[in-house]
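Summary of the model geometry
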Amino acid sequence: MRIIVENTYEMLSLKIAKDIVVTVKNKPNSLICIAGGHTPQKVCEYLINSEKTGKVDFSQCFFVSLDEWVGLDINTVGSCVETLYTSFFNHISTPSKQIRFFNGKAKDLSLEIKEMKEFISSHKTIDLILLGIGMNGHVGFNEPNIDPEQDFIVVPLDPITKEVSAKYFDKTVDVKEGISLGMKIILESKNIMLMANGIHKADIMKESIEGTISNKIPASLLRKNTNLSVYLDILASSKLSKE
Ligand code: GLP
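This write-up is about the structure you can find in this document. Given the structure is predicted, the values throughout are model-derived calculations rather than measurements. (Residues numbered from 1 in each chain as written. Predicted model: local features only at pLDDT ≥ 70, side-chain atom pairs only at ≥ 80, totals over all residues. Heavy atoms only, no water.)

Some remarks on the overall build of the protein chain
Of the regular secondary structure elements, the protein chain holds seven helices and 10 strands. For the protein chain, whose C-alpha radius of gyration is 17 Å, the value lies close to the compact-globule estimate of 18 Å for 243 residues. With the principal axes as the frame, the protein chain shows a C-alpha extent of 45 × 40 × 35 Å. Long-range pairs, those at least 24 residues apart, make up 78% of the contacts in the protein chain with a sequence separation of at least 6. As displayed, the protein chain has an accessible area near 10900 Å², and 52% of this comes from carbon and sulfur atoms. One way to put it: in the protein chain the 28 positive side-chain charges average out to a point 4 Å from where the 30 negative ones average out. (Helix = DSSP H or I, 4+ residues; strand = E, 2+ residues; numbered from the N terminus. Rg over C-alpha atoms; globule rule 2.2 N^0.38 Å. Contact = heavy atoms within 4.5 Å. Areas by Shrake-Rupley, 256 points an atom, 1.4 Å probe, with all protein chains shown as cover. Lys, Arg positive; Asp, Glu negative; His and termini not counted. Charge placed at Lys NZ, Arg CZ, Asp CG, Glu CD.)

In structure tokens form, the structure reads like this:
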């Protein structure tokens, strides 16, 4: 595990964007997964700028979604897919046929999973995954006590996830379940980046990095992959032991 600490959210986001650019330069047709949520938003801004200024070319990349709220699709402002199209995919050169997202509104979620499985399998594995972390330690919708052996999941949301969900939506949205890449697929990724910023994430980052590896804190399971890089701003790192 590598831990990278930067002073500000902006510096942290810039560092991650640069590391993603290196991956794409080394493998232009990389399969990349970027979490929805607020944390990676600035990284997306920097990545768009990198392509605009000729530092990277995303036209051969492939992207998959990490997770989605069941019942929501791109027409709901604040869904994972809407957030990422608005803040990223609408501004880069990747053709839409190279982007595969879960449709949370699909009648048959098992078919969504089957298609996602085929899409990822056709690339063997995810080259790079940029994850955020929930206040309860979830990654994607791998909620506390998740079965780490599952490759894809549809799960009831943890009460903390439901409570926090209000910050994404401009109206009341009653979310009950999530569809997500499971821990198994996430752990098979070649390069895992876990990103957190802000003092509100300091306790959960300490538990995830220094606590017992356990499915009670799903993010702690990421330590099983030696290619884990943890990116923190100074606030999110503030509870870590000082050695
Ligand atoms: C959300 C999503 C995750 C996200 C995490 C952190 O509920 N399921 O994909 O990474 O929680 O969100 P944020 O970055 O907004 O703090």
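What to know about the packing of aromatic side chains
Where two aromatic rings form a pair, the distance of their centres and the angle of their planes describe that pair. Enumeration over the complete set of coordinates arrives at 13 aromatic pairs. Between W69 and F169 the ring centres are 5.9 Å apart and the planes differ by 70 degrees, which places this aromatic pair in the edge-to-face class. Residue W69 is found in strand β4 (residues 67-69), and its partner F169 is found in the loop between α5 (159-165) and β8 (177-181); the two are separated by 100 residues along the sequence. With a relative accessible area of 4%, W69 lands in the buried category. A connected cluster of aromatic rings, assembled from ring pairs, spans F58, F63, Y85, F88, F89 and F101. (Phe/Tyr/Trp six-rings, centres within 6.5 Å; stacked < 30°, edge-to-face > 60°. Buried < 20%, exposed > 50% of the residue type's maximum accessible area, 1.4 Å probe, protein only.)

Side note on the site of the ligand
Residues in contact with the ligand amount to 16 residues; listed here are only the nearest, T39, D67, K167, Y168 and K201. Between the ligand and H138, the relevant distance is 2.8 Å, taken from an oxygen atom to a side-chain nitrogen or oxygen of the residue. Its free accessible area being 390 Å², the ligand has 96% of it covered by the protein chains. Residues of the shell around the ligand, tallied by class, amount to six nonpolar, seven polar and three charged. (Near = heavy atom within 4 Å. Polar contact = N/O pair within 3.5 Å; in protein donor to acceptor, adjacent residues only side chain to side chain. Nonpolar A, V, L, I, M, F, W, Y, C, P; charged D, E, K, R; others polar.)

So, the pairing of strand β9 (residues 191-196)
Most of β9 is tucked away, with five of its six residues classed as buried. Sheet analysis places strand β6 (residues 128-131) next to β9, joined by four bridges and oriented parallel. What sits directly across from I129, in β9, is I192. Pairing analysis gives five bridges linking β9 to strand β10 (residues 228-233), with the strands arranged parallel. (Pairing = 2+ DSSP bridges.)

Details of the sheet that holds strand β7 (residues 152-156)
A sheet is described by the order of its strands in space; here three strands give the open sequence β4-β8-β7, paired in antiparallel fashion. Looking at which strands have only one partner, the edges of the open sheet turn out to be β4 and β7. Strand-to-strand twist in this sheet, taken as the mean axis angle between neighbours without regard to direction, amounts to 15 degrees. When β4 meets β8, the two strands line up antiparallel, connected through three bridges. Paired with E68 across the strands is I179, a residue of β8. (Axes fitted to C-alpha atoms, helices over the stretch in contact; angles between N-to-C directions.)

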